[in-house]
Amino acid sequence: MKTVRDIAAMRAAVRDWREVGERVALVPTMGNLHRGHLSLVELARARADRVVVSIYVNPTQFGPSEDYADYPRTLDADRRRLRRAGADVVFVPGDEEMYPFGLQAMTRVSVPLLTEKFCGASRPGHFDGVTSVVARLFGIVQPDLAVFGQKDYQQWLVIRRMTADLHMPVEILSGPTQRERDGLALSSRNQYLDPDERRRAPALYRSLQRCAQAIEAGRRDYAALEADGRQALEAAGFQVDYFAVCRADDLAPPAAGDRQLVILAAGRLGRARLIDNVLVTSA
Ligand code: PAF
């Protein structure tokens with residue numbers, strides 16, 4: 001596995017692969033890799049001949065009071081994990097590669113509406129940072145496909161929309177959320193939880209499951225289900241950001257007859273902001 005830091009070397013590697021007809025997958029990450037990321041690399045391996053994993057803690061997707069400075073940076077351990085997982089290249093650009101004109105003058109990529117609710121409402125500018133960096137990574141690596149985690153469901157939808165709207169020839173896949181034994185979705189931010197918060201954290205997934213079961217059993221009173229979800233999270237000590245039942249393909253409120261739904265929830269437990277979701281097909 002090669003570690004590549006500059007764009008010219010990254011492009012040269014991709015050019016060589018393309019010349020012999022190989023398909024290239026990109027798994028964009030911010031590092032501090034866990035089993036969840038490695039499952040995305042596995043999915044990429046199954047769908048392409050070559051796998052590039054990017055590691056870049058992207059400053060433009062963090063708000064001023066968020067954890068950009070503290071975000072765990074663990075490149076040596078990440079490289080060991082990626083070698084074992086069978087990645088071909090780990091791409092580790094610097095800020096000057098990603099934003100050569102500086103953060104004030106950078107070109108921004110913005111997907112309106114879909115980014116204005118849920119995580120976008122509580123983290124203003126977050127998704128513009130995500131789409132702006134992912135568009136650059138696609139421009140640099142020019143992958144045939146890219147893999148993102150289902151845990152960040154809204155992010156996955158936003159990237160799919162950007163790719164479709166800008167006619168980017170990249171297939172956007174999502175890999176299933178990986179969980180601890182008690183259901184907590186794997187996330188780099190779980191390490192911010194103290195032991196008491198860690199004990200409470202699985203309430204997030206449990207509340208989503210309960211809501212999904214109710215919908216599968218035929219309930220359609222989504223506002224009441226959302227209120228129950230919020231209440232369960234508050235009882236577990238969460239400062240709830242949102243608990244919402246939505247249409248799966250555009251996060252609109254479900255209309256009668258919509259069957260493919262997603263239940264999204266986010267909240268704070270101490271320093272950690274946790275998000276999770278469950279897909280459900282209504283009866
Ligand atoms: O999901 C993430 O880790 C980041 O938002 C991403 C997609 C790598 C962009 O920085």
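Our subject is the structure listed above.
Residues numbered from 1 in each chain as written. Predicted model: local features only at pLDDT ≥ 70, side-chain atom pairs only at ≥ 80, totals over all residues. Heavy atoms only, no water.

Peer 1: How would you summarise the site of the ligand if you had to cite specific residues and measurements?
Peer 2: The local shell around the ligand consists of Pro28, Thr29, Met30, Asn58, Gln61, Val130, Val133, Phe148 and Gln155. In the model, an oxygen atom of the ligand is placed 2.6 Å from a nitrogen or oxygen of the Gln61 side chain. At 2.8 Å, a side-chain N or O of Gln155 approaches an oxygen atom of the ligand. Alone, the ligand offers 290 Å² of accessible surface; in the complex the protein occludes 88% of this. Listing elements by their share of the shell around the ligand, those giving two or more residues are β2 (24–29) and α7 (126–141). Among the residues forming the shell around the ligand, the class breakdown is five nonpolar, four polar and no charged. (Near = heavy atom within 4 Å. Polar contact = N/O pair within 3.5 Å; in protein donor to acceptor, adjacent residues only side chain to side chain. Areas by Shrake-Rupley, 256 points an atom, 1.4 Å probe, with all protein chains shown as cover. Helix = DSSP H or I, 4+ residues; strand = E, 2+ residues; numbered from the N terminus. Nonpolar A, V, L, I, M, F, W, Y, C, P; charged D, E, K, R; others polar.)

Peer 1: Can you break down the packing of aromatic side chains residue by residue, with the values?
Peer 2: The description of an aromatic ring pair uses the distance of the two centres, along with the angle that the planes make with each other. One pass over the structure, following the stated rule, counts five aromatic pairs. Aromatic pair Phe62 and Tyr71: ring centres 5.8 Å apart, planes at 75°, arrangement edge-to-face. When its relative accessible area of 10% is taken as the criterion, Phe62 is described as buried. Relative accessible area serves as the criterion here: at 8%, Tyr71 is assigned to the buried category. A ring pair is formed by Phe118 and Tyr242, whose centres lie 5.1 Å apart and whose planes are at 50°; its orientation type is tilted. Here Phe118, found in the loop between α5 (102–105) and α6 (119–122), pairs with Tyr242, found in strand β7 (residues 239–247); they are 124 residues apart in sequence, far enough to count as distant. For Phe118, a relative accessible area of 17% corresponds to the buried category. Residue Tyr242 is classed as buried on the basis of its relative accessible area, which comes to 9%. The rings of Phe62, Tyr68 and Tyr71 are connected pair by pair, giving a single aromatic cluster. If you follow Arg73 out to its NZ or CZ, it ends over the ring of Tyr68, 4.9 Å from the centre. (Phe/Tyr/Trp six-rings, centres within 6.5 Å; stacked < 30°, edge-to-face > 60°. Buried < 20%, exposed > 50% of the residue type's maximum accessible area, 1.4 Å probe, protein only. Lys NZ or Arg CZ within 6 Å of the ring centre and 35° of its normal.)

Peer 1: Break down helix α8 (residues 153–165) for me, citing the residues and quoting the values.
Peer 2: The end-to-end C-alpha distance of α8 is 18 Å, a good match for the 18 Å that 13 residues give at a rise of 1.5 Å each. Those residues of α8 that sit buried are Tyr153, Gln154, Gln155, Trp156, Leu157, Val158, Ile159, Met162 and Thr163. Contacts made by the buried residues of α8 are with α6, α7, β5 (145–149), β6 (171–175), β8 (260–269) and β9 (272–281). Where α8 terminates, the next one or two residues include His167, which has phi positive at roughly 55°. (Expected span 1.5 Å × (residues − 1). Contact = heavy atoms within 4.5 Å.)

Peer 1: Which residues make up unusual backbone geometry, and what values do they have?
Peer 2: Phi at Asn32 is positive, roughly 55°, even though this residue is not glycine. Tracing the sequence through the fold places Asn32 in the loop between β2 and α2 (35–47). According to the relative accessible area criterion, Asn32 is buried, its value standing at 11%. Even without glycine at this site, Gln142 takes up a positive phi of about 50°. Along the chain, Gln142 falls in the loop between α7 and β5.

Peer 1: Please set out the packing of α7 against α8 residue by residue, giving values where relevant.
Peer 2: Close contact between α7 and α8 brings their axes to 10 Å; oriented N to C, the two are set at 55°. Compared by their axis directions, α7 and α8 come out oblique. Our pair here, α7 against α8, has a crossing hand that is right-handed. In this structure, α7 contributes Phe127, Val130, Thr131, Val134, Ala135 and Phe138 to the contact, and α8 contributes Gln154, Gln155, Val158, Ile159, Met162 and Thr163. (Axes fitted to C-alpha atoms, helices over the stretch in contact; angles between N-to-C directions. Parallel < 35°, antiparallel > 145°, perpendicular 65-115°, else oblique. Left-handed = near helix turned anticlockwise from the far one by under 90°.)

Peer 1: Can you lay out the sheet that holds β7 for me, pointing to particular residues and giving the numbers?
Peer 2: What the three strands build is an open sheet, ordered β7-β8-β9; its pairing is antiparallel. The open sheet has two edge strands with one neighbour each: β7 and β9. The sheet shows a mean angle of 10° between the axes of neighbouring strands, taken without regard to direction. Pairing between β7 and β8: eight bridges, direction antiparallel. Its bridge partner lying in β8, Val245 is registered against Ile263. Packed onto the sheet, helix α11 (residues 222–235) meets β7 and β8 and runs at close to 150° relative to β7. (Pairing = 2+ DSSP bridges.)

The values are spatial; any link to function lies outside them.
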